[in-house]
Amino acid sequence: AGVAIAGISTASVPFIFSFSPSADIEKSYTIDLSDMEPGTLRKLEFRNFPIWVLRRTEEMIEIQGEIPDYVVGEKYFWAMSEDEKLEDSPYRSNDPEYFVFRPEAGFRNCQVRLESKRPDKVASDHWASGFVDPCTGHAYDTAGRNYSYDFAWYLYVPEHKWKSKGVLHFGT
């Protein structure tokens, strides 16, 4: 019996270590996005999560710059950014030309779509284009702020920095 228990415990060691964080998960990631055309999305993955980057058009930048003060800087607990300073910006970005975000809204993990047609659930005249969650119909502007009638999270902005114009860096 003692040999069987020793065999089981020895065999379980690799299984138990399989739960520890993998050394294969990227610690940092840098990508040059300067070749993106305005109005396009680039779909990336970092640490097993989808990360999307929207390169805003001049019109999108202008519209985001006109967001009312009662929307910008609101400290809602669902305004999800790892860098709280981004919530004080109408762009939710350090570079108005780009919006870096996770494309899932809420707990359903449905990926949003970029839309130019005004959805029915938009509660503001300030929404001109942005993202729509196909599972709930919730609408988000091009900074990931919720513009729907009912409660919903903002789109999550992961920690990132710009190394130079168009060169995005995640991690350490």
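Please refer to the structure higher up on the page.
The structure contained in this document is the topic of the report that follows. (Residues numbered from 1 in each chain as written. Predicted model: local features only at pLDDT ≥ 70, side-chain atom pairs only at ≥ 80, totals over all residues. Heavy atoms only, no water.)

## Brief notes about a negative patch on the surface
Point 1. On the surface, Glu58, Glu59, Glu62 and Glu66 cluster together into a negatively charged patch.
Point 2. Within the element layout of this structure, Glu66 appears in the loop between helix 2 (58–65) and strand 4 (98–101). (Patch = residues over 30% accessible without salt bridge, like charges linked within 9 Å, V, L, I, M, F, W, Y side chains within 5 Å. Areas by Shrake-Rupley, 256 points an atom, 1.4 Å probe, with all protein chains shown as cover. Salt bridge = Lys/Arg side-chain N within 4 Å of Asp/Glu carboxyl O. Lys, Arg positive; Asp, Glu negative; His and termini not counted. Charge placed at Lys NZ, Arg CZ, Asp CG, Glu CD. Helix = DSSP H or I, 4+ residues; strand = E, 2+ residues; numbered from the N terminus.)

## A short note on the packing of aromatic side chains
Centre distance and the angle of the planes are the two values used to describe a pair of aromatic rings.
Point 1. This structure, assessed with the given rule, holds eight aromatic pairs.
Point 2. Aromatic side chains Phe99 and Phe101 sit 4.7 Å apart centroid to centroid with 10° between the ring planes, which places their arrangement in the stacked category.
Point 3. When its relative accessible area of 0% is taken as the criterion, Phe101 is described as buried.
Point 4. With 6.5 Å between their ring centres and 45° between their planes, Phe99 and Phe131 make a pair best called tilted. Taken as a pair, Phe99 in strand 4 and Phe131 in strand 6 (residues 130–132) lie far apart in primary sequence, 32 residues in all.
Point 5. When its relative accessible area of 0% is taken as the criterion, Phe131 is described as buried.
Point 6. A network of ring pairs unites the aromatic residues Trp52, Phe99, Phe101 and Phe131 as a single cluster. (Phe/Tyr/Trp six-rings, centres within 6.5 Å; stacked < 30°, edge-to-face > 60°. Buried < 20%, exposed > 50% of the residue type's maximum accessible area, 1.4 Å probe, protein only.)

## Let's talk about the sheet that holds strand 7 (residues 139–141)
Point 1. The three strands lie next to each other as 5-6-7, forming an open sheet whose pairing is antiparallel. Two strands lie at the open edges of the sheet, namely strand 5 (113–115) and strand 7, each paired on one side alone. In this sheet, neighbouring strand axes are inclined to one another by 35° on average, regardless of whether the strands run parallel or antiparallel.
Point 2. Pairing geometry for strand 6 and strand 7, over three bridges, is antiparallel. Within the sheet, the bridge partner assigned to Phe131 lies in strand 7 and is Tyr140. (Pairing = 2+ DSSP bridges. Axes fitted to C-alpha atoms, helices over the stretch in contact; angles between N-to-C directions.)

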